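Take a look at the letters that make up each chain.
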Amino acid sequence: MIITKKMFHPELVAIHEKATDFSGLVDFVSQKLSQLNFIQDSYPKAIKEREKEYPTGLETPTFAVAIPHTDPTHIKEPFIYIVKLKQAVSFGQMGTTEEFIQAKYAFFLGFDKGEDQLQLLQTLMAMFTNSEVMSALESETNEAKILEIVTNFFE
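Given the structure is predicted, the values throughout are model-derived calculations rather than measurements. (Residues numbered from 1 in each chain as written. Predicted model: local features only at pLDDT ≥ 70, side-chain atom pairs only at ≥ 80, totals over all residues. Heavy atoms only, no water.)

A.B. asks: Could you give an account of helix α5 (residues 131-139), naming the residues involved and the relevant values?
C.D. replies: Two residues of an α-helix separated by three or four positions point the same way, owing to the 3.6 residues in each turn. Listed in full, the buried residues belonging to α5 are V133, M134 and L137. One face of α5 carries all of its buried residues, which in axial projection span an arc of 95°. Exposed residues pointing more than 90 degrees away from the buried face of α5 are listed as E132 and S139. Sitting at the amino-terminal end of α5 is N130, which places a side-chain oxygen 3.1 Å from the backbone nitrogen of E132. (Buried < 20%, exposed > 50% of the residue type's maximum accessible area, 1.4 Å probe, protein only. Helix = DSSP H or I, 4+ residues; strand = E, 2+ residues; numbered from the N terminus. Arc of directions from axis to C-beta. Polar contact = N/O pair within 3.5 Å; in protein donor to acceptor, adjacent residues only side chain to side chain.)

A.B. asks: So, the packing of aromatic side chains: which residues are in play, and what are the values?
C.D. replies: A complete count under the given rule lists eight aromatic pairs for this structure. Centre to centre, the rings of F22 and F91 are 5.2 Å apart; their planes meet at 75°, and the pair counts as edge-to-face. Taken as a pair, F22 in helix α2 (residues 22-35) and F91 in strand β4 (residues 79-92) lie far apart in primary sequence, 69 residues in all. F22 gets classed as buried once you look at its relative accessible area, which sits at 14%. When the centroid spacing of 5.5 Å and the interplanar angle of 55° are considered together, the rings of F107 and F128 count as tilted. Separated by 21 residues along the polypeptide, F107 in strand β5 (residues 100-110) and F128 in helix α4 (residues 114-128) bring together distant segments of the chain. For F107, a relative accessible area of 1% puts it in the buried group. Judged by its relative accessible area of 2%, F128 is buried. Through successive ring pairs, a cluster of aromatic residues spans F63, Y105, F107 and F128. (Phe/Tyr/Trp six-rings, centres within 6.5 Å; stacked < 30°, edge-to-face > 60°.)

A.B. asks: Got a sec to walk through the pattern of salt bridges? Specific residues and values, please.
C.D. replies: Under the counting rule described, the total for this entry stands at three salt bridges. In this structure, the salt-bridge partner of D27 is K48, at a minimum N-O distance of 2.8 Å. You can see D27 sitting in helix α2 and its partner K48 sitting in helix α3 (residues 43-53), a full 21 residues away along the chain. One salt bridge in this structure joins E49 and K45, with 3.8 Å as the shortest N-O distance. Residue E49 and its partner K45 are both found in helix α3; the two are separated by four residues, about one turn of the helix. Relative accessible area serves as the criterion here: at 40%, E49 is assigned to the partly exposed category. (Salt bridge = Lys/Arg side-chain N within 4 Å of Asp/Glu carboxyl O.)

A.B. asks: Kindly report on the confidence of the model for the protein, identifying the contributing residues and their values.
C.D. replies: Note: predicted coordinates in regions of low pLDDT should not be interpreted at a detailed level. Averaged over every residue, the pLDDT of the protein is 90; residues scoring 70 or more account for 95%. When the elements of the protein are averaged for pLDDT, helix α1 (residues 2-7) gives the smallest value, 68, and strand β3 (residues 64-66) the largest, 96. (pLDDT = per-residue confidence, 0-100.)

A.B. asks: I'd like to hear about the nonpolar core, residue by residue, with values.
C.D. replies: Counting 27 residues, the largest nonpolar core has I82, F107, L109, L124, M127, F128 and L137 as its most contacted members. Going through the elements one at a time, β1 (8-16), β4, β5, α4, α5 and α6 (143-154) are the ones with two or more residues in this core. Those residues in contact with L124 that sit more than four places away from it in its chain are I67, F107, L109 and F154. Of all hydrophobic cores here, the second largest spans 25 residues; its members include V29, I39, I47 and F91. (Core = buried A, V, L, I, M, F, W, Y, C linked by side-chain atoms within 4.5 Å. Contact = heavy atoms within 4.5 Å.)

See the structure below:
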């Protein structure tokens, strides 16, 4: 699948121990994305504002995840930044503005073109409902293996 080659990068997988809230997580992610020239300076503010209006937390059969993203105008290069959270972070539940979930993973999505978005989201949703893949992600503690699990599903 073309998305895999274009959007997954070994340096964009992290097991993050410090973030205890969404804002801190976005700051961590934005710093790395900025260093690697994936985002515009407007990205951190844009993603925080979008999350308030359109929450991205999802309760899956295995554990909760989040898929924060924002408009392509804030993205320089397409990416998926996979972050496994040592401490769950609260995200608004998708489709609501008053319910929250405790995400164990966040998949930060950076689209440079809108047409990739639907295919990527459909594949992610299929992965989130695959209990074998999600159980493997839940127990994995190696960043390279996390990337391998996800990219293997996409291929």
